[in-house]
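# Observations on chain architecture
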Amino acid sequence: MTANVAVETTPVTVPHLWNDPAQDIDTRVSALIDAMTVEEKVAQLFGIWVGASDEGGEVAPHQHDMEEAVDIETLLPAGLGQLTRPFGTAPVDPALGALSLMRTQQRITSANRFGIPAVAHEECLTGFATWGATAYPAPLSWGATFDPDLVRRMATAIGRDMRSLGVHQGLAPVLDVVRDARWGRVEETIGEDPYLVGSIGTAYAQGLQSAGVVATLKHFVGYSASRAGRNLAPVGIGPRERADVLLPPFEMVLRDGAAQSVMHAYTDTDGVPSAADEELLTGLLRDTWGFEGTVVADYFGIAFLKILHGVAGDWADAAAAALHAGVDVELPTVKTFGAPLLEAVSAGRVPEPLVDRALRRVLTQKARLGLLDADWSPVPPALADVDPDDPQALRGTVDLDTPANRELAREIAEQAVVLLRNDGTLPLARPRRIALVGPNGDEPTAVLGCYSFPLHVGVHHPQVPAGIDLPTLRDALEEEFPDAEITVVRGTGIDDGDTSGIAGAAELAARADLVVAALGDRAGLFGRGTSGEGCDADSLALPGAQQHLLDALLDSGTPVVAVLVAGRPYALGAATDRAAAIVQSFFPGAEGTKAIAGVLSGRVGPSGRLPVSVPRGPGAQPSTYLGARLAQASEVSNIDPTPAFGFGHGLSYTTFAWSDLAVDATERPTDGEFTLALTVRNTGDREGTEVVQLYLRDPVASVVQPVQRLVGYTRVRLAPGQARRVRVTVPADLASFTGRDGRRVVEPGELELRLAASSTDPRLTATVTLTGPERHVDHTRRLHADFTQSAG
């Protein structure tokens, strides 16, 4: 006889359907939506702007002149969609900031009945925008590298640092195509060509998201095409310019980079603000392109529908317009998507299914980030093995400026330096007396863009150190040329117009063996700089009295190497033809001055190429290399827009020969492809990198086309005497453009495929013909020319 034995078992906790990662995401999200009240639904559609505590306590609301005070106590029971910039609002030790965010997430999840945490987002345009994090080169320098793989590695490192502290979303990359270099945010862009912007932007999005951080594409769309280059000004473009110049980078990064979020632009196009443009945010982005991620508001952009655009009568109207158009999340804080939206839903002005549509996208993203899983933990990787009850012991334990990060920043900075002109002075031998003259010669922050933490946030906390090492150009030159006597004088400020020191600077220059003129910009925000958001220029003359200083140095009789550390290209007057050398660097980050010094000495072989044209005169704007025939110099206008140095230009310390062009066929149908091959040989005595650029010219088309446009590129690194055979397959789809009926078309006819060292330096040209009928293509068309390299 067997006795009955009672077996004690531990009950298994079965999660709610929405917490079960074994279920498909759609099922989980639908179940959660069905269980939520309208107040709980709306709470997921906005964020609050906070600042982490440097003592490790919970975050505190940040106040801005666009905001009313936020009462967290009243908000949290319904839940919270986002936390805005917990690390990027004030200087905070990274470990203690992570602890502060962790404790806040614990509070958020315990306060709402579903235990849903918030998405934490940060800026990451020049690196993780927090105190103590590596400052990488600005995006214009990414473009100058013509190296997507390198940018992908950088973005992966940035994303890894962000994710380690509990950040889920990054507000980058910027995919605006430069249309007018006077625009202050040129430094934040990748360049003036859609293909360059799209290919580099794709790499950035891939890298960031590979680390588990959502990439946010901005600004969708048209922000950079504002009239006269003014920030947040009306946009004067037609549908074809929008379709063929401004939209392709977004199309490419969404398709190839699988970016999970898009930020609408502030601007309006032909009277329709982007935040209220249903045709753009729903018709094109979602219905045509198939985007399934979230659309987030640019900061205060929904409120601007009432304040600036005048298309909404009250906050509820603004919320309704944005929600209807396809905006899912209000940033940076609750304004219109809070009480005004709830009242509008209650009154029947906004249907609840419209709220559900946005909510589904938000919750789907949270599910993909693991934020709805039953085993989700608020403890970030950086705090996994520490004692959270001893905050002060955490201080200084998280390093966001590691040697590996600095090495990566150095590599990008070096590849991004562009040698514009050289009469043989560079690389320098062993100069005995160097006069370092100019406002950027001894300024630590000269290398930083406006979205770097020290300039974006740190300037408001002058008592707090920068948190990272920022060697000046003086420091870098002293290290690079230890035997040289280096004398430093400002001569003038960046933009103060002071000419009192110019004569003395010229006298110093006359006594030196070499002059390094350190000129350019000061990044800032809203008029506090000469470059950056809200720091637009009325011309492309060097700011302040810098051109006067440069001219005086040129007259000193000593060879002048002009070094530009700037956020946009500037006309350089007589220096274009008289300087011994011109070196251009676009806010190259914390390792930037060492990179510049390395190029001057020859330790680094320059390989950067211009992502934007450098103008010959300061007033020939707006102009880019993408101009049609009527945009070129002519006998019927006294303004010559021909650049001093064109898009794609950049010199090396060696020479290259291009030869043996071969084309597989000169005729292909409009759905075919051409294969070209050429040999590139290093004919100099130094290792060097050539950038082979492929431009397409369509001489006769049904609508006006640019004279040429970039459709592909590849970097070719060669030892002295080495040769490589470069092959490129060019699909006919790359010849497509928006036709008269608004559809994208590939037309039969003759094309020129130009293999070039820059937009102004074609080396080999293949004339080919597309045959057969017109062919319409859509967003599924081929986007890339495929390059391969083999031994020459």
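In this numbering scheme, every chain counts its residues from 1 along its sequence in written order. Residue-level local features of this predicted model are given only where pLDDT is at least 70; pairs of side-chain atoms are given and counted only at 80 or more, and the full residue set underlies all totals for whole chains, interfaces and linings. As a convention, hydrogens and water are excluded, and side-chain values are obtained from all of the structure's heavy atoms.

## Focus on the overall build of the protein chain
Worth spelling out the cut-off: For helices the rule is a DSSP run of H or I covering at least 4 residues; for strands it is a run of E covering at least 2, with both sets numbered from the N terminus onward. Atoms counted for the radius of gyration: C-alpha only. Globule rule: 2.2 Å times the number of residues to the power 0.38. Only heavy atoms matter for contacts: two residues are in contact if any of them lie within 4.5 Å across the pair. In these tables, accessible area is a Shrake-Rupley quantity obtained with a 1.4 Å probe, and a residue counts as shielded only by the protein chains included in the view. Positive charges come from Lys and Arg, negative ones from Asp and Glu, while His and the chain ends are left out of the count. Charge placement uses NZ in Lys and CZ in Arg. For Asp and Glu, CG and CD serve respectively.
Looking only at helices and strands, one finds 22 helices and 30 strands in the protein chain. For 792 residues, the compact-globule estimate of 2.2 N^0.38 gives 28 Å, and the protein chain sits close to it at 28 Å. A separation of at least 24 residues holds for 80% of the contacts in the protein chain among residues at least 6 apart in sequence. Of the roughly 28600 Å² of accessible surface on the protein chain, 49% is carried by carbon and sulfur atoms. One way to put it: in the protein chain the 65 positive side-chain charges average out to a point 5 Å from where the 100 negative ones average out.

## Re the state of the cysteines
Just so we agree on the cut-off: Pairs of cysteine sulfur atoms within 2.5 Å are what we label disulfides. Each residue's exposure class comes from its accessible area (1.4 Å probe, protein chains only) as a fraction of the maximum for that residue type: buried when under 20%, exposed when over 50%, partly exposed otherwise.
One pass over the full model with this rule turns up zero disulfides. Counting only cysteine sulfurs, Cys450 is the nearest neighbor of Cys124, a cysteine outside any disulfide, at a range of 14 Å. The thiol of Cys450 is unpaired, and the distance to the nearest cysteine sulfur, on Cys535, comes to 7.3 Å. For Cys450, a relative accessible area of 0% corresponds to the buried category.

## Re the confidence of the model for the protein chain
Inclusion rule: Each residue gets a pLDDT score, which is the predictor's confidence in that residue and runs from 0 to 100.
Looking at the protein chain, pLDDT values average 95 and 98% of them are 70 or higher. pLDDT under 50 marks residues 1–12. Its contacts with residues more than four places away, or in other chains, come to zero contacts.

## Some remarks on helix 9 (residues 248–256)
Since the α-helix advances by 3.6 residues per turn, residues separated by three or four positions end up pointing in the same direction. Judged by how many residues are buried, helix 9 sits mostly within the fold: seven of nine residues are covered. Three or more residues of helix 9 are buried, namely Pro248, Pro249, Phe250, Glu251, Met252, Val253 and Leu254. Next to the buried residues of helix 9 lie helix 7 (194–210), strand 6 (214–220), helix 8 (239–246), strand 7 (261–264) and helix 10 (278–288). At the exit of helix 9 stands Ala258, carrying a positive phi of roughly 50°.

## Thoughts on helix 4 (residues 94–111)
Our working rule: Any helix carries an expected span of 1.5 Å times its number of residues minus one.
Spanning 18 residues, helix 4 covers 25 Å between terminal C-alpha atoms, matching the ideal 26 Å at 1.5 Å per step. Counting buried residues in helix 4 gives 13 out of 18 residues, a clear majority hidden from the surface.

## Considerations on the pattern of salt bridges
The line we're drawing: Note on definitions: salt bridges are taken to be side-chain nitrogens of Lys or Arg within 4 Å of carboxyl oxygens of Asp or Glu.
Taken as a whole, this structure holds 48 salt bridges when the rule is applied. Among the salt bridges present, the one from Arg743 reaches Asp741, with a minimum N-O distance of 3.0 Å. Of the charged contacts in the structure, one is a salt bridge between Arg754 and Glu752, with a shortest N-O distance of 3.2 Å. In this pair, the class of Arg754 matches that of Glu752, namely buried. Each of Glu407, Arg410, Glu414, Glu480 and Arg603 takes part in salt bridges that share partners, so that together they form one network.

## A look at the sheet that holds strand 29 (residues 775–777)
Which entries qualify depends on this criterion: Note on pairing: two strands pair once DSSP finds at least 2 bridges between them.
On the basis of which strands lie adjacent, the open sheet formed by three strands has the order 25-26-29 and antiparallel pairing. Either end of the sheet is taken by a strand with one partner, and the two such strands are strand 25 (737–738) and strand 29. For strand 26 (residues 744–746) and strand 29, the ladder comprises three bridges, and the chain directions are antiparallel. Residue Arg744 lies in a different strand from strand 29, and its bridge partner there is Val777.

## Focus: the nonpolar core
Quick reminder of the rule: We call a set of buried residues a nonpolar core when its members are Ala, Val, Leu, Ile, Met, Phe, Trp, Tyr or Cys and they connect through side-chain atoms within 4.5 Å of each other.
Ranked by size, the top nonpolar core spans 223 residues in total, and within it Tyr204, Phe220 and Leu600 carry the most contacts. Those residues in contact with Phe220, other than ones at most four positions away along the chain, are Leu247, Phe250, Val262, Met263, His264, Ala265, Ser274, Leu280, Leu281, Leu285 and Trp289. Within the second largest apolar cluster, 30 residues are counted, among which are Trp658, Leu696, Leu764 and Ala785.

## Overview of the sheet that holds strand 23 (residues 709–718)
The cut-off we apply is this: Note on method: axes are straight lines fitted to C-alpha atoms, helices fitted across the in-contact stretch only, with angles between N-to-C directions ranging 0 to 180 degrees.
Strand order in the open sheet formed by five strands is 20-28-27-22-23, with mixed pairing between adjacent strands. The open sheet terminates on both sides in strands that have one partner only, identified here as strand 20 (667–669) and strand 23. Each strand of the sheet is rotated relative to its neighbour by a mean of 30°, with strand direction disregarded. Across nine bridges, the pairing between strand 27 (residues 749–758) and strand 28 (residues 761–771) is antiparallel. Looking at the pairing, Leu755 lines up with Leu764 of strand 28.

## A few points about the packing of aromatic side chains
Selection rule: Centres within 6.5 Å make a pair out of two Phe, Tyr or Trp rings, where for Trp the six-membered ring is used; the pair is then stacked when the planes are under 30 degrees apart, edge-to-face when over 60, and tilted otherwise.
Scanning all chains against the criterion turns up 15 aromatic pairs. Both rings, one in Trp18 and one in Phe114, keep their centres 5.6 Å apart while their planes meet at 80°; by these two values the pair is edge-to-face. Taken as a pair, Trp18 in the segment before helix 1 (25–35) and Phe114 in the loop between helix 4 and strand 4 (119–122) lie far apart in primary sequence, 96 residues in all. The exposure class assigned to Trp18 is buried, which follows from its relative accessible area of 11%. Judged by its relative accessible area of 12%, Phe114 falls in the buried class. Summarising the aromatic geometry, the rings of Tyr223 and Tyr266 are spaced 6.0 Å apart at their centres and angled 85° between planes, so their arrangement reads as edge-to-face.

## Thoughts on the side chain of Gln546
Definition in use: Think of a polar contact as two N or O atoms within 3.5 Å of one another; within protein, one of them needs to be a possible hydrogen donor and the other a possible acceptor, and neighboring residues in sequence only count if both atoms come from side chains.
Note on placement: Gln546 falls in helix 20 (residues 546–554). Since its relative accessible area comes to 0%, Gln546 is described here as buried. A distance of 3.0 Å separates a polar side-chain atom of Gln546 from the backbone oxygen of Ile494. At 2.8 Å, the side chain of Gln546 and the backbone nitrogen of Gly520 are in polar contact.

## Digging into the packing of helix 7 against helix 9
Rules: Should an angle lie under 35 degrees it is considered roughly parallel, over 145 roughly antiparallel, and from 65 to 115 roughly perpendicular; all remaining angles are considered oblique. When the near helix sits turned anticlockwise from the far one by under a right angle, the crossing is termed left-handed; a clockwise turn instead gives a right-handed crossing. Polar here means any residue other than Ala, Val, Leu, Ile, Met, Phe, Trp, Tyr, Cys and Pro, which are nonpolar, and Asp, Glu, Lys and Arg, which are charged; Gly is therefore polar.
Across the interface, helix 7 lies against helix 9 with an axial gap of 8 Å and an inter-helix angle of 30°. Between helix 7 and helix 9, the interaxial angle falls into the category roughly parallel. The interaxial crossing formed by helix 7 with helix 9 has right-handed handedness. Between helix 7 and helix 9, the residues in contact are Pro194, Tyr195, Val197, Gly198, Ser199, Gly201, Thr202, Ala205 and Gln206 and Pro248, Pro249, Met252, Val253 and Asp256, respectively. Here the contact of helix 7 with helix 9 is composed, by residue class, of eight nonpolar, five polar and one charged.

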